[in-house]
Amino acid sequence: MTGATQDDAPRHMAGGDDRRATGVDDGPSDGDVGGSGPGDAEVGDRDGAHGGGPVDGDAVRRERAAPPRWRRWVLPGGLALVVLAAGGAALALDAKPASSAVGAASPTTPVLSARRAPEVLAAPVAQRRLAVDLQSWLVSSPADTCLVVETQGDPLFEHNPTAPVTGASTQKLLTATGLLLALGPDARLETRAVAAAAPTDGVVAGDLFVVGGGDATLGTPGWITNSPSPRDKVIHDVDGLVDAIVAAGVTRIDGRVVGDGSRYDGDLYNDSLAQRFVDQDQMGPIGGLMVNDGFALFSPEKSYASTVPAADPAADAARVITDRLRAKGVAVGGGPRSGRAPASGAEVASLASAPVSQIVAEMLTHSDNETAEAAVKEVGLAESGDGSWAAGAAAMRRLLADGGVPLDGVEIVDGSGLSSGDQLTCGTLVDVLTRDQTGPVIRDGLAVAGETGTLATWNGTSVDGRMRGKTGTLRNATALAGQVEPLQGGTVTFAYVANVPDPGEVTSGHVRLTGLTDILVAYPRGVDVATLQPEP
């Protein structure tokens, strides 16, 4: 469809939300920072350590009082010499590589040589070269840009780290963190089938209510193959619930299948969402019960024109379940509708979602907008009993703040990052990627360059198989945050966001995004720590 925009659709060498990016480069990664030199501690003699015979009390007191002044300065002085030697060696290393004459003897490395701490030699050289390379690369970026690079908690490079920017789909990293903090990685969302009374001889006397539990991934296999979205779709097959109803012995429903989406409020779209995203089916309606991302109609044409959002997602879910029950031989008396289940109904069957950790992974890998928006409402429900965007955004901010996430310059309006009201910083993105409590789940859920999700098209780049990341793209924003495994080992965590004023356009090609990852994967450029090891 002309002018269609799509959040983080897999495109050539870049993730894309809102338009196709072209001319992207590849990218390098990380290395070691810092090291420790040799050191020892002295322990003075204690009482009774002397041999037999008369002991001069004054001599003992003098011995215990303090070691001779020269002894007190041996260790710090030696360490200072190592540091000075390392600095000089680093300057020499930065200037040109060392060489030795052919046939020359290989001397033994002295104990206090800087070679005893090779990382001390390499780190300052590598960091200076990294800064030069990144400053040169940033020339292609617009003024409204931030970049943070760190390794193992140590900062390597920062450019506008606290500047508020529109992060597009990298906003999902904050959404994922908030959902994990609210529910935990092992929680599951349960969709239940209930009736006013338990079935008798396989017959439900009255309506069968399907009560939504917030599982936004419910769907049918047809949605995977016929969705017009270029992004891969991941569904939780609603047939699992249908099969559970049949397995419970139900053969007839005298009334109707009724969809209950009252878990969340009645707002189907976030007020801040640009109308073009709705018109172009970039976002389906969000409800407490929904199937196929809230879209009622779609076809093998895989066209946006044939894809129609449901006016009532809960009623449409009831329609899908009614059709599939009938296909399995269950008689259903009336047509589907939406409504609220009785408070004291009898459970007939249920279907548990994947654990939250897997929901987060699928959302991040494939940049699933509907899952991200439902997550905000779920956080609001879990924290305040109100399944709305406003309550969810407020609860998410409290959870992140209580967890120590830096929120200066951060605005949370939705979960997907499609809202122009969302703001974040590169420092905040790196923080949520590296947090002890939730960071491991977040990182494991990221797309892998050249292999999965929105980074699948990065195959053949310098970070193919060596980078996990979350892309972000809107018409006026391009972003990438994640971790790179440098060729020399270790990991580098980074976040990059570039904005231009709307209605301007910036793409991953404009900023040569793979040039950034080329630099990171090559870190530490030109420094081979192995050559700096002590000589025999």
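Please refer to the structure higher up on the page.
Rules used throughout
Residues numbered from 1 in each chain as written. Predicted model: local features only at pLDDT ≥ 70, side-chain atom pairs only at ≥ 80, totals over all residues. Heavy atoms only, no water. Axes fitted to C-alpha atoms, helices over the stretch in contact; angles between N-to-C directions. Helix = DSSP H or I, 4+ residues; strand = E, 2+ residues; numbered from the N terminus. Parallel < 35°, antiparallel > 145°, perpendicular 65-115°, else oblique. Contact = heavy atoms within 4.5 Å. Buried < 20%, exposed > 50% of the residue type's maximum accessible area, 1.4 Å probe, protein only. Disulfide = S-S within 2.5 Å.

Undergrad: With reference to specific residues and values, describe the packing of helix 11 (residues 369-384) against helix 12 (residues 389-402).
TA: With their axes 7 Å apart at the nearest point, helix 11 and helix 12 run at an angle of 75 degrees to one another. One finds that helix 11 runs roughly perpendicular with respect to helix 12. Taken together, the residues of helix 12 that come into contact with helix 11 (itself represented by Glu373, Val376, Lys377, Val379, Gly380, Glu383 and Ser384) are Trp389, Ala391, Gly392, Ala393, Ala395, Met396, Arg398 and Leu399.

Undergrad: So what's going on with unusual backbone geometry? Which residues, and what values?
TA: In this structure, proline 503 follows aspartate 502 across a cis peptide bond, with omega equal to 10 degrees. On the secondary structure map, proline 503 appears in the loop between strand 20 (492-499) and helix 15 (513-521). Here the amide bond leading from tyrosine 523 into proline 524 is cis, since omega sits at -5 degrees, within 30 degrees of zero. The topology assignment puts proline 524 in the segment after helix 15. Despite not being glycine, glutamine 152 shows a phi value in the positive range, around 50 degrees. Along the chain, glutamine 152 falls in the loop between strand 3 (144-151) and strand 4 (154-159). What makes glutamine 152 exposed here is its relative accessible area of 60%. Positive phi, normally seen in glycine, also occurs at serine 367, with a value near 55 degrees. Locating serine 367 in the fold gives a position in the loop between helix 10 (356-366) and helix 11.

Undergrad: Can you break down the state of the cysteines residue by residue, with the values?
TA: Counted by the stated rule, this structure contains one disulfide. The partner cysteine of cysteine 146 in its disulfide is cysteine 426, sulfur to sulfur 2.0 Å. The disulfide joining cysteine 146 to cysteine 426 has a torsion of about 75 degrees about its S-S bond and is therefore right-handed. Taken together, the residues cysteine 146 in strand 3 and cysteine 426 in helix 13 (residues 426-434) connect sequence positions 280 residues apart. Residue classification places cysteine 146 among the buried residues on the basis of a relative accessible area of 0%. Cysteine 426 sits in the buried class, given a relative accessible area of 0%.

Any functional reading would require information beyond the geometric quantities listed.
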